[in-house]
Every structure is written in structure tokens, then in C-alpha cells.
2 protein chains.
Amino acid sequence: MRSRIPYVDTIARYLVKRKGKQIRPLLVLLSAQICGGISERTYRGAALVEILHTATLIHDDVVDGADTRRGIASINAVWKNKIAVLMGDYLYAKGLLLSLDHDDFHFLQIISTAVKRMSEGEIHQIAKSRQLDIDEETYIKIIGDKTASLLSTCCEIGAASATSDRSLHERMRLFGEQLGMSFQIRDDLLDYVGKKSITGKPTGLDLSEKKLTLPMIHALANAPRREARHVLGLIKDGAKSRKALQEVAEFVSHHGGIEYAKQKCEHYAAIARETLAPFADSPDKTALTNFIAFVVERAK
Amino acid sequence: MRSRIPYVDTIARYLVKRKGKQIRPLLVLLSAQICGGISERTYRGAALVEILHTATLIHDDVVDGADTRRGIASINAVWKNKIAVLMGDYLYAKGLLLSLDHDDFHFLQIISTAVKRMSEGEIHQIAKSRQLDIDEETYIKIIGDKTASLLSTCCEIGAASATSDRSLHERMRLFGEQLGMSFQIRDDLLDYVGKKSITGKPTGLDLSEKKLTLPMIHALANAPRREARHVLGLIKDGAKSRKALQEVAEFVSHHGGIEYAKQKCEHYAAIARETLAPFADSPDKTALTNFIAFVVERAK
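Residues numbered from 1 in each chain as written. Chains lettered and ligands numbered in written order. Predicted model: local features only at pLDDT ≥ 70, side-chain atom pairs only at ≥ 80, totals over all residues.

Colleague: Sorry, what's going on with the overall build of chain A here?
Modeller: On a plain count of helices and strands, chain A comes out with twelve helices and two strands. Tracing chain A from N to C terminus, the helices and strands come up as α-α-α-β-β-α-α-α-α-α-α-α-α-α. Relative to a compact globule of 300 residues, whose C-alpha radius of gyration would be 19 Å, chain A shows 20 Å and is just as compact. In terms of its C-alpha atoms, chain A occupies a principal-axis envelope of roughly 60 × 50 × 30 Å. Burial statistics for chain A: of 300 residues in total, 50% are counted as buried. In chain A, once contacts between residues fewer than 6 apart in sequence are set aside, the share between residues at least 24 apart is 72%. (Helix = DSSP H or I, 4+ residues; strand = E, 2+ residues; numbered from the N terminus. Rg over C-alpha atoms; globule rule 2.2 N^0.38 Å. Buried ≥ 20, exposed ≤ 12 C-beta atoms within 10 Å, placed from the backbone. Contact = placed C-beta atoms within 7 Å.)

Colleague: Please explain the interface of chain A and chain B as it appears in this structure.
Modeller: When the parts come together, some accessible area is lost, and that loss is often what is quoted as the size of the interface. Listed as interface residues are 34 residues of chain A and, on the opposing side, 35 residues of chain B. The residue inventory of the side of chain A that touches chain B, partitioned by class, reads 20 nonpolar, eight polar and six charged. (Nonpolar A, V, L, I, M, F, W, Y, C, P; charged D, E, K, R; others polar.)

Colleague: Explanation requested: the nonpolar core in the structure shown.
Modeller: By size, the foremost hydrophobic cluster in this structure holds 180 residues, and its most contacted members are A:Met87, A:Ile111, B:Met87 and B:Ile111. Residues in contact with B:Met87, not counting those within four places in the same chain, are A:Ile123, B:Ile11, B:Ile58 and B:Ile75. (Core = buried A, V, L, I, M, F, W, Y, C linked by C-beta atoms within 7 Å.)

Colleague: I keep staring at helix H12 (residues 283-297) of chain A and nothing clicks. Help me out?
Modeller: Side chains that are three or four residues apart share a direction in an α-helix, a result of its 3.6 residues per turn. All names here are of chain A. Here H12 contains 15 residues, and its C-alpha end-to-end distance of 21 Å stays within 8% of the 21 Å for a straight helix at 1.5 Å per residue. For H12, the complete set of buried residues consists of Asp284, Leu288, Ile292 and Val295. Relative to the axis of H12, the buried residues are bounded by an arc of 90° and lie together on one face. In H12, the exposed residues that point more than 90 degrees away from the buried face are Pro283, Thr286, Asn290, Ala293, Phe294 and Glu297. Among the structural elements, helix H2 (23-34), helix H7 (166-193) and helix H11 (257-276) are those in contact with the buried residues of H12. (Expected span 1.5 Å × (residues − 1). Arc of directions from axis to C-beta.)

Colleague: Looking at this model, I keep getting lost on the environment of A:Glu209. Mind explaining?
Modeller: All names here are of chain A. Inspection of the secondary structure puts Glu209 in the loop between H7 and helix H8 (214-222). Residue Glu209 is classed as partly exposed on the basis of its 13 C-beta neighbours within 10 Å. Note: C-alpha distance between Glu209 and Lys236 (27 residues apart in sequence) is 9.4 Å.

Colleague: I tried to follow the relation of the copies chain A and chain B on my own but got confused; where do I start?
Modeller: Relating one copy of the chain to the other takes a rotation about an axis and a shift parallel to that axis. The transform that puts chain A on chain B rotates by 180° and translates by 0.0 Å along the axis, for an RMSD of 0.0 Å. In short, the pair behaves as if placed about a two-fold rotation axis. Measuring from the rotation axis to each C-alpha of chain A, the shortest distance belongs to A:Phe105, at 3.9 Å. Taken as a fraction of all interface residues of chain A, those also at the interface in chain B reach 100%, which identifies the copy contact as same-surface. (Least-squares fit on C-alpha atoms with pLDDT ≥ 70 in both.)

Colleague: Explain the environment of B:Leu168 here, please?
Modeller: Residue and element names in this part refer to chain B. Positionally, Leu168 belongs in helix H7 (residues 166-193). Residue Leu168 is classed as buried on the basis of its 20 C-beta neighbours within 10 Å. Between the alpha carbons of Leu168 and Cys35 there is a distance of 7.1 Å; along the sequence they are 133 residues apart. Sequence-distant contacts of Leu168, that is, excluding residues within four places in its chain, are made with Cys35, Ala159 and Thr163.

Colleague: Honestly, the packing of helix H4 (residues 75-100) of chain A against helix H5 (residues 105-131) of chain B in this entry has me stumped. Any pointers?
Modeller: The description of two packed helices rests on the angle between their axes and on the distance between the axes. Contact geometry for H4(A) and H5(B): axes closest at 9 Å, N-to-C directions at 150°. Comparing the axis directions of H4(A) and H5(B) gives the class roughly antiparallel. In terms of crossing hand, the pair formed by H4(A) and H5(B) is left-handed. In this structure, H4(A) uses A:Lys82, A:Ile83, A:Leu86, A:Asp89, A:Tyr90, A:Ala93, A:Lys94, A:Leu96, A:Leu97 and A:Leu100 to contact H5(B), whose residues at the interface are B:Phe105, B:Leu108, B:Gln109, B:Ser112, B:Thr113, B:Val115, B:Lys116, B:Ser119, B:Glu120, B:Glu122, B:Ile123 and B:Ile126. Of the residues contributing to the contact of H4(A) with H5(B), the split by class is twelve nonpolar, four polar and six charged. (Axes fitted to C-alpha atoms, helices over the stretch in contact; angles between N-to-C directions. Parallel < 35°, antiparallel > 145°, perpendicular 65-115°, else oblique. Left-handed = near helix turned anticlockwise from the far one by under 90°.)

Colleague: Would you explain the packing of helix H3 (residues 40-64) of chain B against helix H4 (residues 75-100) of chain B in this entry?
Modeller: All names here are of chain B. Interhelical geometry of H3 versus H4 gives an angle of 155° and a closest axis separation of 8 Å. In terms of orientation, H3 and H4 fall into the roughly antiparallel class. In this structure, H3 meets H4 at a crossing whose hand is left-handed. Classifying every residue of the contact of H3 with H4 by side-chain character gives 14 nonpolar, seven polar and three charged.

Colleague: Is there a simple way to think about the confidence of the model for chain A in this case?
Modeller: Interpretation of this model should avoid reading the predicted coordinates in detail wherever pLDDT is low. All names here are of chain A. Predicted confidence across chain A gives a mean pLDDT of 92, with 97% of residues reaching 70 or more. Mean pLDDT in chain A bottoms out at strand E1 (residues 68-69), which sits at 90, and peaks at H11, which reaches 98. pLDDT under 50 marks residues 197-202. Its contacts with residues more than four places away, or in other chains, come to eight contacts. (pLDDT = per-residue confidence, 0-100.)

Colleague: Help me out: how do you make sense of the environment of A:Ala249 in this one?
Modeller: All names here are of chain A. Note on placement: Ala249 falls in helix H10 (residues 242-254). C-beta crowding within 10 Å serves as the criterion here: with 23 such atoms nearby, Ala249 is assigned to the buried category. Remark: the alpha-carbon pair of Ala249 and Pro215, spanning 34 residues in sequence, is separated by 9.6 Å.

Colleague: Would you mind showing me how to read unusual backbone geometry here?
Modeller: The general pattern is negative phi for most residues beyond glycine and trans for most peptide bonds. Residues and elements named next belong to chain A. If you check the backbone angles, Leu132 has positive phi at about 50° while not being a glycine. A residue is classified by how many C-beta atoms lie within 10 Å of it, and Leu132, with 12 of them, is exposed. Here Lys210, not a glycine, exhibits a phi torsion of approximately 60°, which is positive. Mapped onto the fold, Lys210 is located in the loop between H7 and H8.

Colleague: It is not clear to me how H5(B) should be interpreted in this structure. Could you clarify?
Modeller: Between the first and last C-alpha of H5(B) there are 39 Å, a value that for 27 residues agrees with the 39 Å anticipated at 1.5 Å per step. A positive phi of about 55° marks B:Leu132, the residue just after H5(B).

Laid out in C-alpha cells, this is it:
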């Protein structure tokens, strides 16, 4: 992460200090381990996904005007937007060069497809939020693009670093894709049932961006027309008051949105578990299975 | 540029409609022509640099809050910042995939180094603007990184698409680097002598970002201490009034900053011309020579 430019170097060191959960590099390592073993290439793959993920987060924080990230001030908060956008671009280039310098072209192919899907998925979601007309099928496609794509990339890269057996690459890619679906549905569910809130809102729910996720989509599809139209009206106004948010949350719960999202989260987790079935029992398999359990059960 | 996501497709079509001067792809084509001839790879290289350049401009406009680009509304003005940042990332990924799908790994190596240098150079310049302590040597390094790097990339990619003779790649890279230096010095000079202004400011000069460029750097180094300190004070306040700007512009002109920058611009142009000397006379050589003349003489 070093740079000849002292200022860039300072920011890079700031980034490296706070590491986050490192879920993505962990998936690369476990996937390599279960497919034959960790090598130098595996570590480069793990670094690559974490660098690109970090670049994405830096850009996200600029766009959302977020002041904190991983418990400390965000790059845009400390150095302003301009530096943050440039630092994201710098990290993309660094990740690229890391792979190019070691002829990891296959990694790049896998990950560029993910980056393309991620930006497409995010743009798709924003477009749908503006129109407030998302259905379950579209939601599934969006979270596949914006979240599952990168987790499946981690697993595929891990496998590709350990074996040339293409069927194993494909199996791990599928595993990561299902895990990612489960992950994002859980994330969206936590907006409704989580305890993130310190603002006094009922659940930490924030509808100011008008993002409709699975619990809401299901409730809207199952509630009587008139009731659904009323709730959509509240969301159109951003559901800013505590009362409006409470009403929305109760609507979702009453019409089975929470239960349905839990089922769907478990559904994808079950497919992920099945995908691992052909592997012989091993500590790596146990670790990946525990990973699935963590995703389904996590409360934040 | 097509995408499965209709919204992404709409924005991509909007981008393609307004093409700009296309200086960079033009350089790729001319460089290929003079090194042996244009091929399919040349066109892919030209597309790659233009896609990446466009991605950079989209991110620039977000950060600068610019409302227009190439005479029409900017992406952030029409679709907001979030979409614009994502669309920039999408274009990076598309450019990457274009090269990966055709095994143009060498292109990627060349261009990733440029993207890294570009972001480093921009960050370096912002850091120096905040401290107001830039000298000529640092300025030369910064414009090499932020501008010359991409123009040299264009020329090197053009050459690499036409011949495997590494000495020609290197010659064209050097040509592009000198051309880029000349280009940026001219650009910075135009802030002082150009006629861009429609705001009533003396020259179109805008010092609100406190960016010190060659004409000013030279004047500061050659003026009496007390005078220089006074002008730095005006710049520190952003030189917002018409009177302050006029005073700054006269200071630069009086202490030879304009003349010096003109000489330096011509200096790099002359090296660029020399770099072309070994090529036999041809319409391509004439075109590249005219290109240098355009860069040195352009008035906007």
C-alpha cells in the first residue's frame, strides 16, 4: 500500500489501521483451504478483494456523506470528498497492478465482472427506489448483483488460487453467490428487527432513501390494496416522523414481511450448505458451515 | 457500452452522445499509424483510454460539483452524485473487461500505472495547495503524474498495438510524456492569458482552490520577498474580489511568470518534436507534429 507521495502514504496508513471484519479475505482463504490449500496466490487474491472492497466503501461514504467508517472518521470527513474519490481510484489501480504484476489475469477477469455487477446493481436499486415499483424478482436480481457478486468472487478466487479443477471453481462460486444472497437478506431484515438504533427510532429503520427491501416488498404484495397504498404514501414522504416509521414497521410485521424474509434468508443458506456437501469433513468445511450460521444469525 | 440494466444503458447512451475532443484516442491511432499501422487492437486501446478518461471526468464533476460537461448537463447534475460515482466505477470495470476479454494484458499494465500516477498527482497537488508551498520541481512532478501519464499511455498503447519493437514503445511513451507536459503547462498558462472568462474576472483566473501553477510559482520565486508574501496572503483568502485577482495577475505578468511558462511549454514541445525525428517523413509524422503545434498554440 506504500506510495512515493507522502500524503497518499499517510491516507493509506490510516486505512490499513482500521481493518473491519475482513469477511471477504477470510472467504478467499477458507475457499482455497477447502479446495487444496492456501498459496502465495491466495494471499494476493485476498488482498485484491479487500483493496477493491475498501475502494468501494470510500466511494460509498463520499456519496452518502458518511462521517464515520469502522468506528473512526471516514476519509471524506478527514480529507474532504475530492481526496476520498481519488483515493478510491488509487486503490482500484493498486489492486489491478498487484494482479498484473503477478500474471493473475484470471483473478482480474473474475473480479471485474463483479465490479461491473456491483455498480449495475446499485444503480438499478436507486432507479427502482425513485420509482417505488420494485417486486421480489427485481429485488433478488439487485442483491445478487450488488452483494452476492463480490462474495461469490471471493470464493471463486480462493478456489482458483488452490486448484485448476474448474468444477471446484464453479462450486465455490455458487456457494458464495448463495451465501451472499442470505447475507444481504439478513442485512435488510436487520433494518426492521435489529437493535442498531440510537436515535430513538423503533428499530433503526431509515426510509429516507426510499429503499424497498424484501420484508416491505412481501408485505406490500400481501396487504390489502388500500393499506399498501397508504404505506407507500408514507414512504414517498421519507417516513421521517417516529410515528410514521412505527406505522411502517408494524405494517411490515403484520403482513408477514419479517417471517418471509427470515425464511428466504434460511432458504439461500440451506442451498449454500448443500453446495458444500460433496466436500469431505474437515476443519475448513466446519469453518465454512459456521460462516453460514454466522450470516443467518448475526444481529448487527 | 451496452448494459442489461436499462437505467445504466440510458446513462451510457447519454455519455456516448457527447464525445468531446477525443484527443486521447486520436493519439492512440496516430501513434499506431506511425509505428506500423492501425489494427483491431489499436481500436480497443483507443476505446480503453477514452472510457477511462470519461470515468475520471465523471468523478471529477462529482467532486467539483460541476453542472456541465462538454456543453451539456453533467451526470451528477442529471442523476445526482451517487449514480455518477457508480457510473464512473462501472466504466472502469467495463474498460477492464474490454481488455481482459481480448488478452490485452499489456495495455492494462500500461494504463493501471497511469491511473495510479493520475490519482497520486491529483492528491499531491491538493496537498500542496493546502500548504501553499509548491516549488517548480514539485510542480513538474505533479503535472507529469496527473496529465502527462495518460497522454504517454495513449502513445505507448498505440505503439504496442502496432509493433513488438520495444524501442518504439519507449520512444512513443517519451513523446507522449513531453507532449503531456507541454499540454498541461499551456493549460495552466491559459488561466492567466486565456479569454475563457464570462464572469468579468480579468482573465478567467480562479484561485479559489489555491492551486499554484508555473506562472505563479516562477513569479513568486523571482519577486522581492515582501511582495511575494503579500500576494500569497491574497491567495490564502481565495483572491475572490476582482481587484485582488487583477493584482495577482499583474504580479505574475510583471515578474516574468507568463513568459517563463511560455518558454517551458515550448521547451517540452521541442523535446517532443526531437523524439519524432528518427521517423521517416510521412503524413502521420506531419499529423503528430501538427498535434504538438496545436498543443502549444491553443487558446482554449
